Amino acid sequence: MVLTTTAPIKRAIVQTLRASPALVAAIRGGIHEGIAPRKVRYPFVVYQLVSGPFDFDWTGVMLKPLFDVSSYAENPVEANNLDALITEALNDAALNVDGQRTLLCRRVADLPTGPDIDSEGKRIYQVGGTYSIWTDQSL
Amino acid sequence: MIDFGSLMQDIFEGAVQALGEGAHLVEGRAKQKAPVRRLFGDGGQAIRIKSISEIETVRSTRDAVFKAGGPPTVIQPEAYGEARTVHGKKPPIHWRQRRMAAAQHLLGQYDAEMSNRRAGLAPHKTMLTRRGAYEVRSKRAAFATWQHLSIGGRLRGEIFSTSPTVSGNRAEAWVISPTEYAKYQEFGTRHNAAHPFLRPAAEESRGEVVALIADAVRGALPHGGANVEIEVVVRL
């Protein structure tokens, strides 16, 4: 078997978020990895890999990555609502990861982020959480 | 007769000590992963990495040198012809040059080089990049550590771990990054992508910390044969 990495997990996260009609209707700026371009409309979602340790045993490998998923909006209510929708979509979700079996997808922490000023001087709110995902694959 | 009270005390003390070692381990990892402002270009002093073809190219030269009565103290293949130096993609960190005195000296070199270029002389590489020269001049990222004033690496230099504190049957050790912009590096902002360093360090060290504590507990048990339950929580 070919070893697959965290790339299909990222794909699965985006797929799962896009499968939520309420979330898709709420985000006008789309879903971005790492950082969103400057002129993207609010609100939008950013996800980022935090760490991705591999845990090998005799039969296969477990990937236990942490992902931050944050929503950015121009008002805190919208940001919090989006965050709730993201949690609803991802927490305890059975992610459809190519070449891997999902064992766990759970929100394990909130991000202690506050309001920020963007390049146009607008106050924006970042609300999000850290998700722990465990997947398993045989080698 | 076994004094279970003192035995449990020994086990707990061993676990607490191991927890302190674990916190040091996480601190070291976090320092390795902490993003550091890039002040230096390769400047001709990068780590020398030879490709296989280069090594093969100078093989005959090396053989000739050995046959002619042994190698010189330092072999410099460039002196014999073909081999070129391949520079690593990532420049070295230059710990010593980050000290203020050394950085000021490098700034002097940089300024001299720039005035030479303005005078129309052929350009030479400088240790400091343009960004590095700006940082040294403005002292924007200057910080003091171990009684030395350094430039850049503040985020890394200020990470520390606390000694374990005990309250009842619970012990805690923290790895802290007190720099005010640490949070923005760890979690990202609208303008900058996140460069997490604390959480990956904690995650990667989790198994080793647990193993350290387990070893300490095993060492404290007189015959190694009892069930002891210790809960280890890594809080992000």
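Residues numbered from 1 in each chain as written. Chains lettered and ligands numbered in written order. Predicted model: local features only at pLDDT ≥ 70, side-chain atom pairs only at ≥ 80, totals over all residues. Heavy atoms only, no water.

Overview of the overall build of chain A
- Along chain A, the regular secondary structure elements total three helices and eight strands.
- Reading chain A from its N terminus to its C terminus gives the helix and strand order α-α-β-β-β-β-β-α-β-β-β.
- Against the 2.2 N^0.38 benchmark of 14 Å for 139 residues, chain A shows a C-alpha radius of gyration of 16 Å, consistent with a compact globule.
- Seen through its C-alpha atoms, chain A measures out along the principal axes to roughly 55 × 25 × 25 Å.
- When each of the 139 residues of chain A is scored for burial, the buried share is 50%.
- Partitioning the intrachain contacts of chain A with sequence separation of at least 6 by distance along the chain shows that 62% fall at a separation of at least 24.
- Carbon and sulfur atoms make up 53% of the accessible area of chain A, which totals about 6900 Å². (Helix = DSSP H or I, 4+ residues; strand = E, 2+ residues; numbered from the N terminus. Rg over C-alpha atoms; globule rule 2.2 N^0.38 Å. Buried < 20%, exposed > 50% of the residue type's maximum accessible area, 1.4 Å probe, protein only. Contact = heavy atoms within 4.5 Å. Areas by Shrake-Rupley, 256 points an atom, 1.4 Å probe, with all protein chains shown as cover.)

Digging into a nonpolar patch on the surface
- Taken together, the side chains of Met1(A), Leu3(A), Phe54(A), Phe56(A) and Leu139(A) define a hydrophobic patch exposed on the protein surface, amounting to about 530 Å² of accessible area.
- Tracing the chain through its elements places Leu3(A) in the segment before α1 (7-18). (Patch = residues over 30% accessible without salt bridge, like charges linked within 9 Å, V, L, I, M, F, W, Y side chains within 5 Å. Salt bridge = Lys/Arg side-chain N within 4 Å of Asp/Glu carboxyl O.)

Describing the confidence of the model for chain B
Residue and element names in this part refer to chain B.
- Within chain B, residue pLDDT values average 78, and 78% of them lie at 70 or more.
- When pLDDT is averaged over each element of chain B, strand β8 (residues 175-176) comes out on top at 92 and strand β2 (residues 86-87) at the bottom at 45.
- Low confidence marks residues 82-91, where pLDDT is under 50. Its contacts with residues over four positions away, or in another chain, come to 28 contacts. (pLDDT = per-residue confidence, 0-100.)

Comments concerning the environment of Ala26(A)
All names here are of chain A.
- For Ala-26, the position within the fold is in helix α2 (residues 21-26).
- Using a relative accessible area of 23% as the deciding quantity, one classes Ala-26 as partly exposed.
- As a C-alpha pair, Ala-26 and Pro-43 span 17 residues in sequence and 7.6 Å in three-dimensional space.
- Sequence-distant contacts of Ala-26, that is, excluding residues within four places in its chain, are made with Pro-43, Leu-82 and Leu-85.

Re the interface of chain B and chain A
- Listed by partner, the interface residues are 15 residues for chain B and 27 residues for chain A.
- Between chain B and chain A lies a buried interface of about 1600 Å² when both sides are counted; carbon and sulfur atoms form 58% of it.
- It is Phe187(B), Arg190(B) and His191(B) in chain B that bury the most area against chain A; as a group they hold 45% of the surface buried on that side.
- In this structure, Asp68(A) engages Arg199(B) in a salt bridge whose closest nitrogen and oxygen atoms are separated by 2.6 Å.
- The tally of links from chain B across to chain A stands at ten residue pairs in polar contact (both at pLDDT 80 or more).
- Where the side of chain B that touches chain A is concerned, the elements lending two or more residues are α7 (182-187) and α8 (198-220) of chain B.
- Here the residues of the side of chain B that touches chain A are counted per class, giving six nonpolar, four polar and five charged. (Buried area = accessible area lost by both parts, 1.4 Å probe. Polar contact = N/O pair within 3.5 Å; in protein donor to acceptor, adjacent residues only side chain to side chain. Nonpolar A, V, L, I, M, F, W, Y, C, P; charged D, E, K, R; others polar.)

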